[in-house]
Amino acid sequence: MKQEKDILKWFNQELSKQEIADLSASQNLETLHKIEHYASQLEAPEIDAQKALEDFKNRKLSKKDPKVRTLNFKPFYRIAAVFAIMLTSSYFLFFNNTQSFETTIAQTETVQLPDNSEVILNAASKLSYDKKAWKENRSLELDGEAFFKVAKGKTFSVHTDAGMVQVLGTQFNVKERENYFEVTCYEGLVSVTYNNETVKLPKGKSFRILNNRIELKDIHATNPSWLQQESSFTNIPLSQVIEELERQYTIQIDATNVDKNQLFTGTFTHSNKEIALQSVTIPLKLSYTITGKNVTFKNYEVQ
C-alpha cells in the first residue's frame, strides 16, 4: 500500500527529492511518466448538478421537503479519477510484461536476452517476448529477419506467421517476409515446423519456402551476409530483391515495366546505393533512373 500511496503522491508532486529517488529505484520511471500522461487525459464529465437536483425534486419530493440537500459530485469524480489511475498503473506495472524491439529502414539492432542469448535484428524487423515467463519458456515472436546466437538451456522457440523454429543452443538465421520463409543453421541442430511438418536442419543446411514451394540447400558461409552489410540471393524473384533494396535504402522502386518474376542470383551492398542498384540491374540487363527517393527500373532500350 505504501508504494501505491507514493505513486499517487508522485502524481500530485508531493514527494521529496529523496522519496522520488526511492520510487525511481523500485519502479520503471518511464512507465510512471506514461501513467501520468494517460491520467492527465481523464476529464470528469460535465454535469449540471443544479438541474439534476431540480429534476430529482420534481419527480420524487415536495419542494417543501426539508430533507432535500444539495448533492456534491466532486468527491465522486475524484474517487473515479484515482480509481482509473490505479487501474492504469496496475496494468503497466504488473500485467504488461511484453518486451519488444523494432528496427526501421537501413537499421540493425543487437538485443541481449535475459539468458545471455543474442539476437541481431535486420532492417524493418520486430521481435518480442514475455519477460515474466522467460525463465520457464524461452519463446519469441519474430516479424522480419534476425540472426540468433542461443545460449544453452531449455528449448528456445522462434514463432513467425510462416512457421516455428526450435533449438537448444545454436546459431541460426530466420527470415520471414511476404511469400518467403527461410531458416539457415550455422551451428548445432535446428528444428523447423511448417504446416505441421517438422524438418531437422544440421549445420550447413538451409530450409526455404518461396511461393509455397519447399527447398533444402547446402550453405558454406559461417553467418548470414547481411551481418557484413550485404544482401545475397540465389534464384530469387526480382520482386523480393526490390523489397530488400527498399529495406536497406530510403527509396521507392517502380518496376512496373519490367518482369519482376525473373530470378536473380547475386549480392548487393548496404553501404552504397548506386553500386547496389548496379549490382542488381546490370546482371538482369536492366537500367534505372533516380529522382530524389524514387527509382525506376527499365529494360535496356534497343538502339
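Check the entry above for the structure.
Since we're looking at a predicted model, the values are computed, not measured.

K.L.:
An account of the pairing of strand E8 (residues 171–177) is requested, with residue identities and associated values reported.
P.N.:
A regular strand places its side chains on the two faces of the sheet in alternate fashion. Counting buried residues along E8, six of its seven residues qualify, which places the element largely inside the surrounding structure. Note that strand E5 (residues 138–149) and E8 share six bridges and pair antiparallel. Each residue of the ladder has a partner; that of Phe-147, found in E8, is Asn-173. In terms of strand pairing, E8 meets strand E9 (residues 180–187) through seven bridges, oriented antiparallel. By the bridge assignment, Arg-177 is partnered in E9 with Tyr-180. Linkage of E8 to E9, two consecutive antiparallel strands, is achieved through a turn of two residues, within which Asn-179 is found at a positive phi near 60°.

K.L.:
Please provide a residue-by-residue account of the packing of helix H6 (residues 238–248) against helix H7 (residues 273–281), values included.
P.N.:
Between H6 and H7, whose axes approach to 12 Å, the crossing angle comes to 175°. Considered as vectors, H6 and H7 are oriented roughly antiparallel to each other. Together, Leu-238, Val-241 and Leu-245 of H6 and Ala-276, Leu-277 and Val-280 of H7 make up the contact between the two elements.

K.L.:
An account of the packing of aromatic side chains is needed here, citing residue identities and associated values.
P.N.:
For the structure shown, the criterion picks out eight aromatic pairs. Relative to Phe-156, the ring of Trp-134 lies with its centre 5.9 Å away and its plane at 85°, an arrangement referred to as edge-to-face. Highlighted residues: Trp-134 in the loop between strand E4 (126–130) and E5 and Phe-156 in strand E6 (residues 156–159), separated in sequence by 22 residues. You'll find Trp-134 and Phe-156 in the same group, each marked buried. On the numbers, 5.9 Å between centres and 70° between planes, the contact of Phe-147 with Tyr-186 is edge-to-face. Here the residue Phe-147 occupies a position in strand E5, and Tyr-186 occupies one in strand E9, the gap between them amounting to 39 residues. For the pair formed by Phe-147 and Tyr-186, the shared burial category is buried. By way of ring pairs, the aromatic residues Tyr-129, Trp-134, Phe-148, Phe-156 and Phe-172 are connected into one cluster.

Rules behind the numbers
Residues numbered from 1 in each chain as written. Predicted model: local features only at pLDDT ≥ 70, side-chain atom pairs only at ≥ 80, totals over all residues. Heavy atoms only, no water. Buried < 20%, exposed > 50% of the residue type's maximum accessible area, 1.4 Å probe, protein only. Helix = DSSP H or I, 4+ residues; strand = E, 2+ residues; numbered from the N terminus. Pairing = 2+ DSSP bridges. Axes fitted to C-alpha atoms, helices over the stretch in contact; angles between N-to-C directions. Parallel < 35°, antiparallel > 145°, perpendicular 65-115°, else oblique. Contact = heavy atoms within 4.5 Å. Phe/Tyr/Trp six-rings, centres within 6.5 Å; stacked < 30°, edge-to-face > 60°.

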